[in-house]
Amino acid sequence: MKRKILLSALLLPAVMAFGQQYGGMWIPTELNEKEMKSLGMKISAKDIFNPDKASIKDAVVQFDGGCTAEVISPKGLLLTNHHCGYDNIQAHSTVENDLLTNGFWAKDMTGELPNPGVTVDFITDIKEVTAQILPGTENLTGADLTKKINENIEAYKKVQKTESYQTISVRSMYYGNKFYAYVIETFKDIRLVGAPPSAIGKYGSDTDNWVWPRHTGDFSMFRIYADKNNKPAEYSKDNIPYTPKHFLPISVKDKKEDDFTFVFGFPGRTTEYLPAIAVEKIMKETDPAMIAVRDVALKTLDEKMRINPATKIQYASKYARVANYWKKWIGEVEGLKKSNAVEKKKQYEQTLISKNPAIKPTIDQLNQKYNEQAPYNLHKAYYSEIVRNSETFTLAGIYSNYIQSYEAGKMDAKNLEALKARLTELYKDYDAELDAKVTAKVLALYADKTPPQFLPKDFGQLKDVNKNLGMMENVSKASIITGRGNMNGVKATDVNKFFTDQKTLVENLKKDPFVQMYGSFKSSYLATTDAKVNALQTDIDALQKKFMAQQMETDKDRKFFPDANSTLRVTYGQVKGSEPRDAVSYGYQTHLAGVMEKYIPGDYEFDLPKKLISLYNSKDYGVYKDKTGDVPVNFTATNHTTGGNSGSPALDAYGNLIGLNFDRQWEGTMSDINYDPKLCRNIMVDTKYILFVIDKYADSKWLLNEMKIVK
Ligand code: ARG
Ligand code: ASP
């Protein structure tokens, strides 16, 4: 007895460091209700998720397979982020009517805009099905294990009774130690209702991305339509607004530091249970490699984007996408160092071993396998980032696959159409001369950083950046895939013509300098690295499954939650500011005055719409100001969130909507690997700012009239 107390006391610091006190992304049927209540929650776990009765889960959806959204009116009105609705807002935009720049507000339901292909998913039930999925898998690993699990999943699905509009998805948790089945209802008629201009919805753009203090009105609104029976249906003008089982009331009460809050949504991917060795490799090797490639690519793009407005437009979205994770990884590395993640994990492993010696061989083997995999994994990180960031190599990859398909007789009309569509899309925003520079520079980095045994023949000579720039420019001019060279007078950018004589095209492609260069790049990767990384990963997966099970068996004081995997989760915490650096202290709330402080007229990131400025000048804030007399804009809390949580509702102790999650604070982006409540903060748009913009800026009172506002 005494021994036990001693050991759990030993475990305590590690437990706290892993954020169990306030962290975790919980399966909604397995909430940590006791701690939620102790932090101030006034409703019960059953109010949040109840398969048999309307509950908060009936207002939370996965938006188009990636982000989260929530229902905020009895007429199926949906709220999500501006950056989640971005592609749809863009799709409705033309040069004459640019909804991204100007914003969009339907005047009534007839003015709402359909978005073919966009879906939202409700989760109506969750069941643990481990006992149905694991039998017969006991001694299997790798491909055999996957095969048996898939068979068991199919067998399980077959005997379930579902409606025509429902599907079942069975998902692995805890590295294959448990399985859960989700009943999903997918709605397919989703219409755009409103979006602020980018100068509000994307205010601060890349400079402020991942940054606190933040001042972004990152929201947009859609509506779910259903058939006459309120069931999911394809788009039809006869469809009616969906009547939800539940919608979120919206609170406009002032927030206080330490207020309880929870976030309900679809976090994408985290890895909280890795061994120390894996975290060390991410921090010291793979993250820095990926950052280095993107450093070079982004800097090269920026040089031209700065001086050429057409390039600026052409590359804006690509640049933002590459910069988003580049910036995240930089914060992640810093945060892992600062939170002492590797040391803490090592200590935790020792504590576990002292309690259960059977864990030692697992950790020893993990150490051995990760060390063995490291050089291959590092090569893989460089390789993948090069292919992603050199658009010319991306193109060469596509053409190489095409050659293979053509020669295998698989290029039917349908495949050809899809290929042409993809190429048209790529060439639209492709500046071949600029990308020749990017390609030259990232390949110089690659040649410099890659050990000789991995380097393709002749790539050793690519180390000299200046020589490379000249050489790539010449190759780019001669190549037919860049659209600078031509094939009998036809350019690749003229996609339809380019594919009229496929036999000649394939002959010419095989001789193309970029297709050849990419060919040796890829075959050297395949020969030296690919199989090795994957084989070691299979071993690591098996060990990680065992390590996960051993952690759960051994650390009885810790409450475990499965890593994020894009399934529905609840995370909770408190409204809180932060102290990210020595002598730096951040408040939890920003205001409209702060939006004005950042205003730079004419700037592409910090310009503001005139109307917002005049609302600020006239102080026409109505009920949307807080006790300071200003309109709250963004706030932070200790909710444990990740990518995919964008658009998730932030709720108060009673289940009222108080904010819209959209980002995390840079100093805490290591939360995906080592959540630390001292450093990690999620960032939300305040509901008061959202309502202020809808009401005072957009004059869309008809939308407010649908909502239930809690004062
Ligand atoms: N960092 C946030 C997330 O990972 C927001 C990204 C969108 N905004 C941007 N400026 N790129 O998705
Ligand atoms: N911005 C992210 C998203 O789009 C959220 C995050 O990473 O915190 O899901």
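It should be emphasised that the depicted structure is a prediction, and the values quoted were computed from it without experimental measurement.

A look at the overall build of the protein chain
Check the secondary structure of the protein chain and you find 25 helices and 22 strands. Compactness check: the protein chain gives a C-alpha radius of gyration of 27 Å against a globular reference of 27 Å for 711 residues, within 12% of the reference. Principal axes of the C-alpha set define a box for the protein chain whose edges measure 70 × 70 × 60 Å. Of all 711 residues assigned to the protein chain, the portion counted as buried reaches 57%. Within the protein chain, contacts between residues at least 6 apart in sequence are counted, and of these 78% link residues at least 24 apart. Of the accessible surface of the protein chain, which amounts to about 30200 Å², a share of 53% is contributed by carbon and sulfur atoms. Of the side chains in the protein chain, 95 bear a positive and 89 a negative charge, and the two mean positions are spaced by 2 Å.

Some remarks on the site of ligand 2
As a matter of local geometry, ligand 2 sits amid His83, Trp210, Thr642, Gly643, Gly644, Asn645, Ser646, Phe662, Asp663 and Arg664. One of the backbone nitrogen or oxygen atoms of glycine 644 is found 2.6 Å away from an oxygen atom of ligand 2. Measuring from a nitrogen atom of ligand 2, one finds a backbone N or O atom of phenylalanine 662 at 3.0 Å. Here ligand 2 has 270 Å² of accessible area as a free molecule, and 88% of this is covered by the chains.

Here we look at the state of the cysteines
On inspection of all chains with the given rule, the structure shows one disulfide. Disulfide partner of cysteine 67: cysteine 84, at an S-S distance of 2.2 Å. Residues cysteine 67 and cysteine 84 are joined by a disulfide whose S-S torsion is about -80°; by sign, that bridge is left-handed. In this pair, cysteine 67 is assigned in strand β2 (residues 67-71) and cysteine 84 in helix α4 (residues 82-91), connecting sequence segments 17 residues apart. Owing to a relative accessible area of 15%, cysteine 67 belongs among the buried residues under this scheme.

Looking at helix α16 (residues 432-449)
Taking 1.5 Å of rise per residue, the 18 residues of α16 would be expected to cover 26 Å, and the 25 Å separating its terminal C-alpha atoms lies within 8% of that figure. Taken across its 18 residues, α16 has 13 buried, putting it largely inside the fold. Between the side-chain oxygen of the N-cap and the backbone nitrogen of glutamate 433 there are 3.3 Å, and the N-cap of α16 in question is aspartate 431.

Examining the side chain of aspartate 512
Inspection of the secondary structure assignment puts aspartate 512 in the loop between α19 (502-511) and α20 (513-554). Buried and unpaired, aspartate 512 has no salt bridge, with lysine 511 as the nearest side chain of opposite charge at 10 Å. One polar contact links the side chain of aspartate 512 to the main-chain amide nitrogen of isoleucine 480, over a distance of 2.7 Å. The residues contacting aspartate 512, other than those within four sequence positions of it, are Ser479, Ile480 and Ile481.

Section: the side chain of lysine 369
For lysine 369, the position within the fold is in helix α13 (residues 359-389). Once residues within four sequence positions are removed from consideration, lysine 369 is found in contact with Leu536, Asp539, Ile540 and Leu543.

Observations concerning the site of ligand 1
As a structural note, the neighbourhood of ligand 1 is formed by His83, Ser205, Asp206, Asn209, Trp210, Asn324, Phe662 and Asp663. In the model, a nitrogen atom of ligand 1 is placed 3.0 Å from a nitrogen or oxygen of the asparagine 324 side chain. With the chains in place, 85% of the 340 Å² that ligand 1 exposes on its own is no longer accessible. Mapped onto the shell around ligand 1, the elements with two or more residues apiece are α9 (205-208) and β20 (657-664). Split into classes, the residues belonging to the shell around ligand 1 amount to two nonpolar, four polar and two charged.

Observations concerning the packing of helix α10 (residues 276-307) against α16
Contact pair α10 / α16: the axes reach a minimum separation of 9 Å and the direction vectors enclose 155°. With respect to α16, the axis of α10 lies roughly antiparallel. As for the relative orientation of α10 and α16, their crossing is right-handed in sense. Residues Ala292, Val293, Val296, Ala297, Thr300, Leu301, Glu303 and Lys304 of α10 form the contact with α16, whose own contacting residues are Leu434, Lys437, Val438, Lys441, Val442 and Leu445.

Describing the confidence of the model for the protein chain
Averaged over every residue, the pLDDT of the protein chain is 94; residues scoring 70 or more account for 97%. pLDDT under 50 marks residues 1-20. Its contacts with residues more than four places away, or in other chains, come to 34 contacts.

Some words on the packing of helix α22 (residues 610-618) against helix α24 (residues 687-697)
Contact geometry for α22 and α24: axes closest at 11 Å, N-to-C directions at 100°. In terms of orientation, α22 lies roughly perpendicular with respect to α24. Residues Lys611, Leu612 and Leu615 of α22 pack against Tyr689, Phe692, Lys696 and Tyr697 of α24. Taken together, the residues that form the contact of α22 with α24 break down as five nonpolar, no polar and two charged.

A few points about the pairing of strand β8 (residues 178-187)
Burial within β8 is extensive, with nine of its 10 residues counted as buried. Sheet analysis places strand β6 (residues 120-128) next to β8, joined by eight bridges and oriented antiparallel. Paired with valine 120 across the two strands is phenylalanine 187, which belongs to β8. With eight bridges joining them, strand β7 (residues 166-173) and β8 adopt antiparallel strand pairing. Paired with arginine 171 across the strands is tyrosine 180, a residue of β8. Hairpin remark: β7 followed by β8, antiparallel, with four residues in the connecting loop; positive phi at tyrosine 174, about 50°.

Calculation notes
Residues numbered from 1 in each chain as written. Chains lettered and ligands numbered in written order. Predicted model: local features only at pLDDT ≥ 70, side-chain atom pairs only at ≥ 80, totals over all residues. Heavy atoms only, no water. Helix = DSSP H or I, 4+ residues; strand = E, 2+ residues; numbered from the N terminus. Rg over C-alpha atoms; globule rule 2.2 N^0.38 Å. Buried < 20%, exposed > 50% of the residue type's maximum accessible area, 1.4 Å probe, protein only. Contact = heavy atoms within 4.5 Å. Areas by Shrake-Rupley, 256 points an atom, 1.4 Å probe, with all protein chains shown as cover. Lys, Arg positive; Asp, Glu negative; His and termini not counted. Charge placed at Lys NZ, Arg CZ, Asp CG, Glu CD. Near = heavy atom within 4 Å. Polar contact = N/O pair within 3.5 Å; in protein donor to acceptor, adjacent residues only side chain to side chain. Disulfide = S-S within 2.5 Å. Expected span 1.5 Å × (residues − 1). Salt bridge = Lys/Arg side-chain N within 4 Å of Asp/Glu carboxyl O. Nonpolar A, V, L, I, M, F, W, Y, C, P; charged D, E, K, R; others polar. Axes fitted to C-alpha atoms, helices over the stretch in contact; angles between N-to-C directions. Parallel < 35°, antiparallel > 145°, perpendicular 65-115°, else oblique. Left-handed = near helix turned anticlockwise from the far one by under 90°. pLDDT = per-residue confidence, 0-100. Pairing = 2+ DSSP bridges.

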